[in-house]
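Architecture and fold: a report
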Amino acid sequence: MRIAIDVMGGDEAPHAMIVGAARAALDDPALELLLFGPFQRLHAEISRLPRPMAAATSRLVLCDAPDVIGQEATAAWALRHGKQTSMARMLQSLADGQAQAGVSAGNTAALVALSRQTLGTVAGISRPAISTAIPARGDRRCYLLDLGANVDSPAARLVDFALMGAVMARHVDAVAMPRVALLNVGAEATKGSANVRQADTLLRAYPAEGAFAYQGYAEGGDLFGGKLDVVVCDGFVGNAVLKASEGLAGMLVERVQSAFDAHWSGRLASLLARPVLKRLKRELDPVRYNGASLLGLDGIVVKSHGGTGADGFHYAIKRAVREVEHNLPGQLATQLTAHSATLN
């Protein structure tokens, strides 16, 4: 399997991205990674990898891309001037069939615009949505979308998001009938924006047999309750919810540890509870959930958090590998085409 990597996106690029890629290659002997960035800089970073990672370098292919898209760049600038950048060349390798998926921690607006231009979308989807899974009760996961690709989404697009999220839950998590809800400020029919209320009407009338089970409105706390598999919202709301959840998880872990460390009896209890604390920290660590899918593209692109380190980028690559294994775009195209025929 070949995965293309934009190693120049992200706050810790390219070092963290190259280290994360090397770890992914060590984990999977069948994996080959195409690294896109300025050749000399990539070569220098590869030469500084610690000795335990040296075995991975034979499967890290350096691909020269002289330019970089900065975080301040607009989508319009990327479309006009970004052809020689690491992000654009990574995406072109997907379009040319050189790689089966791409991963970037770079500028989100540029990545969405370039992905849409280079790869196109499947089955009439107008715009891709960014989606990731968040932990929920009972060791379950809930997919949230959109997370920032579409700041304001009309009702029909929210319906597309519902179907795309259901396909993700069914084929990646083997959920036979995904439970889907619309994120709103309350359960009452009169609450929410006009787009959300209209989407609710469309979803209640949607011929969703075999596609998903629509549950109506969900509030913020329902995301973590374990009773929903997909929650749909526009990108402004979704991004705010995700970032707030990540911040809360980090704060809770720190508060628990501080409470144990505040007194000698707490430190003693901490020693006894260390296995539980380690498991809690591992389960709540946002790094484990790094990597958001750009659903709706005619290809697999995973967006890593811009502030991630090597561990988080490693998880983003693993997410891309899982989506290749499940042929997610193909499953999505089949499902969307089938339901489009049903509607017509």
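As recorded by an unreviewed UniProt entry, the protein chain carries the name Phosphate acyltransferase and is attributed to Vreelandella rituensis. UniProt's Catalytic activity (unreviewed entry) comment on the protein chain is quoted here verbatim: "a fatty acyl-[ACP] + phosphate = an acyl phosphate + holo-[ACP]". Under the UniProt heading Sequence similarities (unreviewed entry), the entry covering the protein chain gives this text: "Belongs to the PlsX family."

**Observations concerning the overall build of the protein chain**
Per the secondary structure count, the protein chain includes 11 helices and 11 strands. Evaluated residue by residue, the protein chain yields a buried proportion of 49% over its 344 residues. Sequence separation of at least 24 residues holds for 73% of the intrachain contacts in the protein chain that already meet a minimum separation of 6.

**Things to note about the sheet that holds strand β10 (residues 292-295)**
Judged by pairing direction, the sheet is mixed, and its 11 strands sit side by side in the order β3-β2-β1-β4-β11-β10-β5-β6-β9-β7-β8 without closing on themselves. Since the sheet does not close on itself, it has two edges, and those belong to β3 (60-64) and β8 (213-218), each with one partner. Adjacent strand axes in the sheet meet at a mean angle of 25° when their direction is disregarded. With two bridges connecting them, β10 and strand β11 (residues 301-303) associate as antiparallel partners. The partner of A292 across the bridge, within β11, is K303.

**Focus on the packing of helix α1 (residues 15-27) against helix α10 (residues 310-325)**
At a closest axis distance of 8 Å, the pairing of α1 and α10 adopts a crossing angle of 50°. The angle between α1 and α10 places the two elements in the oblique class. The chirality of how α1 crosses α10 is right-handed. Seen from α1, the contacting residues are A16, M17, V19, G20, A21, R23, A24 and D27; seen from α10, they are A310, D311, F313, H314 and I317.

The rules we used
Each residue is numbered by its place in its chain's sequence as written, counting from 1. Reporting of local features is limited, given that this is a predicted model, to residues whose pLDDT is at least 70; pairs of side-chain atoms are given and counted only at 80 or more, and all residues count toward the totals for whole chains, interfaces and linings. Excluding hydrogens and water, the side-chain values take into account all heavy atoms of the structure. UniProt positions are given in the numbering used here, feature names are shortened, and annotations may be inferred rather than shown by experiment. Numbering goes from the N terminus for both helices and strands, where a helix is a DSSP run of H or I of at least four residues and a strand is a run of E of at least two. Burial here depends on accessible area, computed with a 1.4 Å probe over protein chains only, as a share of the maximum for the residue type. Under 20% is buried, over 50% is exposed, and the range in between is partly exposed. Residue contacts are counted whenever heavy atoms from the two residues lie within 4.5 Å of one another. Any two strands are treated as partners once DSSP identifies two or more bridges connecting them. Axes, fitted as lines to C-alpha atoms, cover a helix only where it is in contact. Angles between the N-to-C directions of the axes lie from 0 to 180 degrees. Each angle gets one of four labels, with under 35 degrees taken as roughly parallel, over 145 as roughly antiparallel, 65 to 115 as roughly perpendicular, and the rest as oblique. Crossing handedness is read from the near helix: turned anticlockwise from the far helix by less than a right angle, it gives a left-handed crossing, and turned clockwise, a right-handed one.

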